[in-house]
Amino acid sequence: MISVPFSPFHRSGSGSPMVCLHGFTDTWRSWELVLGELERHHEVLAPTLAGHAGGPKLADGAGEAGLLEAVESAMDEAGFEAAHLVGNSLGGYLALQLAARGRARTVVALAPAGGWRAGDQSFRETLGLQAGMQQALKALAPHAGALLGSPAGRRNATRLVVNNYAHIPSELIAHQLLGAASCEGALPLIDSALRDGWQLDAERINCPVRIVWGSEDRLLPWPQAALRYREDWLPHAAWVELDGVGHCPQLDVPLVTAQLILGLTAE
């Protein structure tokens, strides 16, 4: 079995503060392929979310509130009263929630979660898929080395999150696979989302927002999973569709993603 260490956060670079928030069951290393570019312009803090591998514990029943509290605590400890916020999937949704709390200078949200149109129950299928995936990964974890030993295995391991995978180091894929298998908060957070859903006080967001979505997103399909953001919450945001890109643009097309992030923070 592959063994990889998990750490609570990454912090490096210089310039105005930036916080990068990863997706559900990921770790801060989801940002590894874009950090070099971002850190040339920003002091970057990339925390692992509460309840995730390497992150702080998530209190029973804490759900979204516990995730936000942990990120705000990390920002406070770093001395970041407000920062450029970048988030993917769950992290994109959290970045927008933090913007509504006044903690954002800008937000770049990559396929943010919670954007199903009100009344659309298909989110339950997505959460059910994620619950099944997490259980399957626990069973696969002892065999990760063999699974990732071939291009076909690496394709299978990444097919739900990226469309382009050959450039992603095997060690990083292994880290993310084992991180997902070790995510203690996965099922409690799914239960919380099923119970509480998603709400965003978008009128309180007064900073520039860019939303980026891949046309080949298999977890949050474009445009169905974005309709509430586009029609109700953030119709005036800067919207970018990336052709041929999957759910995690920062892994799929890191250079393009870094340029999209830095293009907004430089404005």
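Criteria and thresholds
For every chain, the first residue of its written sequence is number 1, and the numbers climb from 1 along that sequence. The predicted nature of this model means local features are confined to residues of pLDDT at least 70 and side-chain atom pairs, given and counted, to a pLDDT of 80 or more, with totals for whole chains, interfaces and linings taken over all residues. Side-chain numbers come from the whole structure's heavy atoms, not from hydrogens or water. Comment: axis = line fitted to C-alpha atoms, over the contacting stretch for helices; angle = value between 0 and 180 degrees taken between N-to-C directions. Secondary structure elements follow DSSP: runs of H or I of four or more residues count as helices, runs of E of two or more count as strands, with numbering from the N terminus. In what follows, roughly perpendicular refers to angles from 65 to 115 degrees, roughly parallel to angles under 35, roughly antiparallel to angles over 145, and oblique to any angle outside these ranges. Here, two residues are considered to be in contact whenever any of their heavy atoms come within 4.5 Å of each other. Classification convention: Asp, Glu, Lys, Arg as charged; Ala, Val, Leu, Ile, Met, Phe, Trp, Tyr, Cys, Pro as nonpolar; all other residues, Gly among them, as polar. The rule for a salt bridge is simple: a side-chain nitrogen of Lys or Arg has to be within 4 Å of a carboxyl oxygen of Asp or Glu. Summary of the burial criterion: residues with accessible area below 20% of their type's maximum are buried, those above 50% are exposed, and those between are partly exposed, where the area comes from a 1.4 Å probe applied to protein chains only.

**Student:** What's the story with the packing of helix 4 (residues 123-140) against helix 8 (residues 186-196) in this structure? I'm lost.
**Tutor:** Helix packing for two helices is described by the angle between their axes and how far apart those axes are. The interhelical angle for the contact between helix 4 and helix 8, taken along N-to-C directions, is 170 degrees, at an axis separation of 10 Å. Relative to helix 8, helix 4 is oriented roughly antiparallel. Contacts between helix 4 and helix 8 pair F123, R124, L127, Q130, A131, Q134 and Q135 from the former with A186, L187, I190, A193 and L194 from the latter. Residues belonging to the contact of helix 4 with helix 8 are distributed by class as follows: 8 nonpolar, 3 polar and 1 charged.

**Student:** Looking at this structure, how should I read the packing of helix 2 (residues 63-78) against helix 3 (residues 90-100)?
**Tutor:** Where helix 2 contacts helix 3, the axes come no closer than 11 Å and their chain directions differ by 70 degrees. Compared by their axis directions, helix 2 and helix 3 come out roughly perpendicular. The residues of helix 3 that touch helix 2, namely those facing E64, L67, L68, V71 and E72, are L90, Y93, L94, Q97 and L98. The residue inventory of the contact of helix 2 with helix 3, partitioned by class, reads 7 nonpolar, 1 polar and 2 charged.

**Student:** I keep staring at the pattern of salt bridges and nothing clicks. Help me out?
**Tutor:** Once the charged atoms of two side chains with opposite charge are near each other, the side chains can pair. All chains considered together, the criterion is met by 11 salt bridges. R210 is the salt-bridge partner of E267, the closest N and O atoms lying 3.8 Å from each other. Of this pair, E267 sits in the segment after helix 11 (254-265) while R210 sits in strand 6 (residues 209-214), placing them 57 residues apart in sequence. For E267, a relative accessible area of 70% gives the class exposed. If you follow the salt bridges from partner to partner, you end up with E72, D76, R101 and R103 in one network.

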